[in-house]
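Breakdown of the fold
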Amino acid sequence: MEFTRIIIEFIILANTAITFVFSGPSDCEPRPGPDSGQVVFTSSKNWRRAVEVYQCDDGYVLTGQTKHTCIEGEWSGHVPSCTRPTSSGHNNNNIISSAQGWFSFRRILKLDTKRKIQNNEKRLGKKSVDIKTPETLQQTSGHGTFELPKHMIRDLAKEYSVGDYDLSCLFRKRHGKIFLKAPKLPYARVVKYSKNKNTVDPKNKYLEAIYHCIKGHVFENPSHTKLYCSNGNWVGVKPQCVPKTTPMTMYQMECYIKCPPDKNVSLAEGEKFINFEVEQPNTNYDWNRFGTLSSGWYKNSSRILVPGLYIITYTVRDDEDTDIASCRTTIRVTDDEVPSVHDCPTYLEVIEDFSKKNTVPVSWPEPRFSDNIGVTQVAKTMEPGQLMGPGLHNVLYIAMDASKNEATCNFTIEVKDRAVIEIENSKRNVK
């Protein structure tokens, strides 16, 4: 069955026949209304479903659902019936009567929603527990008093802990009230609401309000900057904002900082490092309270530095992070000590037999090198065991430390042929 016209609104007139105007496709056929009652059927493309709404004539009470929906080709329930009330104590609020005048289709749905809310309140009333709670912990909704569970009732004189906090300030709308905002405090404002979870038992989730002081003010106690939600109230130590009384007001509100000068430091002879004392900058702020250093550096302390380049960033900022100033100091630690050379020969003489070969392997004791920060590299022109022929051979060793300081060992090896020496000796003996 298809419908082509567009519906705008249904109007029901008391004690008159109802004309049905439909739009959009529907898999459910309209059903006849109850005796002594009427039914409105609609099928909308916007809703993508068909709906029947029922009401009884004046003096009759509807028994059953006031609205049925078409779901997968079948209605969600049977057509209700209209009967005359048999008891004077019947709740007339549940009677949707056409004697009250004109009813639009939207108003019928609204009255149906109101009836469901009233029924839900009755069911909640039967399940509620009679608990005596302090008046300050009760939340009054639009239809009655919301009673807090027993585990949420606390003595107001008792100090609150994390386990007492909750998310109740977010759910007040369920009881007829809007979201409960944190209170306004003098010279302070709420900058953020944050959800947190307790890491230990009872592992409850809770809501906290984070305050910041307005410009020109600071927290009297920097550890008290938040309020916490508990049982529909904001609790905790009240954040107090007071005018700034730090030394910065004696100069100017803007941050000013001047770092210590850059330093070039050389290691003492034989030393591997220096013990560097961190100096304080020149600033109009209280450095111990408002100052910070870059990672790895600490105020009023020393640090061991090996040769290299170091940068220290000094920063000062107020409590609101609105005034910030920073500067940098460069520390360069150098090592000017060259490596030491040990056992370096100046001349070596080697006599070998070259009757069978032109070259022979020649070995020699190698020199040793040491340095205060350690030798990182040793280069040489020849290795012991090098094949050599008769003649002079120059050998060079170069040692280098981490700071590129160099030390050298240079010596000469003279390789002689044994047969040549014997001939020279014999000639000398003849003379």
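In this text, all values refer to a predicted model and were calculated from it rather than measured experimentally.

Trp297, Leu305 and Tyr314 are the most contacted members of the largest nonpolar core, which totals 21 residues. Setting aside chain neighbours within four positions, we find Leu305 in contact with Phe273, Ile274, Phe276, Trp297, Tyr310, Ile331 and Val333.

For the rest of this paragraph, the subject is unusual backbone geometry. At the junction of Asp201 and Pro202, the peptide bond is cis and its omega measures out at 10° in the coordinates. Tracing the backbone through its elements, the reader meets Pro202 in the loop between strand S11 (188-197) and strand S12 (205-213). A positive phi is found at Tyr187, a non-glycine position, where the angle reads about 60°. Tracing the sequence through the fold places Tyr187 in the loop between strand S10 (145-146) and S11.

For the rest of this paragraph, the subject is the environment of Asp353. You can see Asp353 is positioned in the loop between strand S26 (347-352) and strand S27 (360-362). We classify Asp353 as partly exposed; its relative accessible area is 44%. Each C-alpha atom of the pair Asp353 and Pro390 lies 9.8 Å from the other, and the pair is 37 residues apart in sequence. With near-sequence residues (within four places) excluded, Asp353 lies in contact with Val360, Asp417 and Arg418. Engagement of the side chain of Asp353 in a polar contact is seen with the backbone nitrogen of Ser355, the distance being 3.0 Å.

For the structure on display, the rule yields seven salt bridges. Its salt-bridge partner being Glu52, residue Arg31 comes within 3.2 Å of it at the nearest N-O pair. Here the residue Arg31 occupies a position in the loop between strand S1 (11-12) and strand S2 (37-44), and Glu52 occupies one in strand S3 (residues 49-56), the gap between them amounting to 21 residues. Through salt bridges that share partners, Glu366, Lys380 and Glu383 make up one connected network.

Before going further, it helps to spend a moment on the state of the cysteines. Considering all chains together, one arrives at five disulfides under this definition. Residue pairing for Cys169: its cysteine sulfur links by disulfide to Cys229, the two sulfurs lying 2.2 Å apart. Its torsion about the S-S bond being 100°, the disulfide of Cys169 and Cys229 is classed as right-handed. You can see Cys169 sitting in the loop between S10 and S11 and its partner Cys229 sitting in strand S14 (residues 226-230), a full 60 residues away along the chain. Each disulfide pairs two cysteine sulfurs, and for Cys259 the partner residue is Cys327, the sulfurs being separated by 1.8 Å. Between Cys259 and Cys327 the sulfur-sulfur dihedral comes to about 95°; the bridge is accordingly right-handed. With Cys259 in the loop between strand S17 (257-258) and strand S18 (263-266) and Cys327 in strand S24 (residues 324-334), this residue pair connects regions lying 68 residues apart in the sequence.

Quick look at the environment of Gly270 now. By the element assignment, Gly270 lies in the loop between S18 and strand S19 (274-277). Judged by relative accessible area, Gly270 falls into the partly exposed class, the value being 46%. Residues Gly270 and Glu337, 67 residues apart in the sequence, show an inter-C-alpha distance of 8.0 Å. Every residue in contact with Gly270, bar those within four places of it in the chain, is listed here: Glu337 and Asn372.

The next thing to look at is helix H3 (residues 418-430). The end-to-end C-alpha distance of H3 is 19 Å, a good match for the 18 Å that 13 residues give at a rise of 1.5 Å each. Two to three positions downstream of the cap, the backbone nitrogen of Ala419 sits 3.2 Å from a side-chain oxygen, assigning the N-cap of H3 to Asp417.

Spatial strand order, S18-S24-S23-S21: four strands in an open sheet with mixed pairing. One side of each edge strand has no neighbouring strand; the edge strands of this open sheet are S18 and strand S21 (291-293). Along the sheet, successive strands turn relative to each other by an average axial angle of 20°, direction set aside. Note that S18 and S24 share four bridges and pair parallel. Opposite Asn264, over in S24, you have Arg332 as the bridge partner.

This next bit is on the confidence of the model for the protein chain. Note: predicted coordinates in regions of low pLDDT should not be interpreted at a detailed level. Averaged over all residues, the pLDDT of the protein chain is 76; the fraction at 70 or higher stands at 70%. Contacts for the low-pLDDT stretch residues 127-158, under 50 throughout, to residues beyond four places or in other chains number 45 contacts.

Reading the values: the criteria
Residues numbered from 1 in each chain as written. Predicted model: local features only at pLDDT ≥ 70, side-chain atom pairs only at ≥ 80, totals over all residues. Heavy atoms only, no water. Core = buried A, V, L, I, M, F, W, Y, C linked by side-chain atoms within 4.5 Å. Buried < 20%, exposed > 50% of the residue type's maximum accessible area, 1.4 Å probe, protein only. Contact = heavy atoms within 4.5 Å. Helix = DSSP H or I, 4+ residues; strand = E, 2+ residues; numbered from the N terminus. Polar contact = N/O pair within 3.5 Å; in protein donor to acceptor, adjacent residues only side chain to side chain. Salt bridge = Lys/Arg side-chain N within 4 Å of Asp/Glu carboxyl O. Disulfide = S-S within 2.5 Å. Expected span 1.5 Å × (residues − 1). Pairing = 2+ DSSP bridges. Axes fitted to C-alpha atoms, helices over the stretch in contact; angles between N-to-C directions. pLDDT = per-residue confidence, 0-100.

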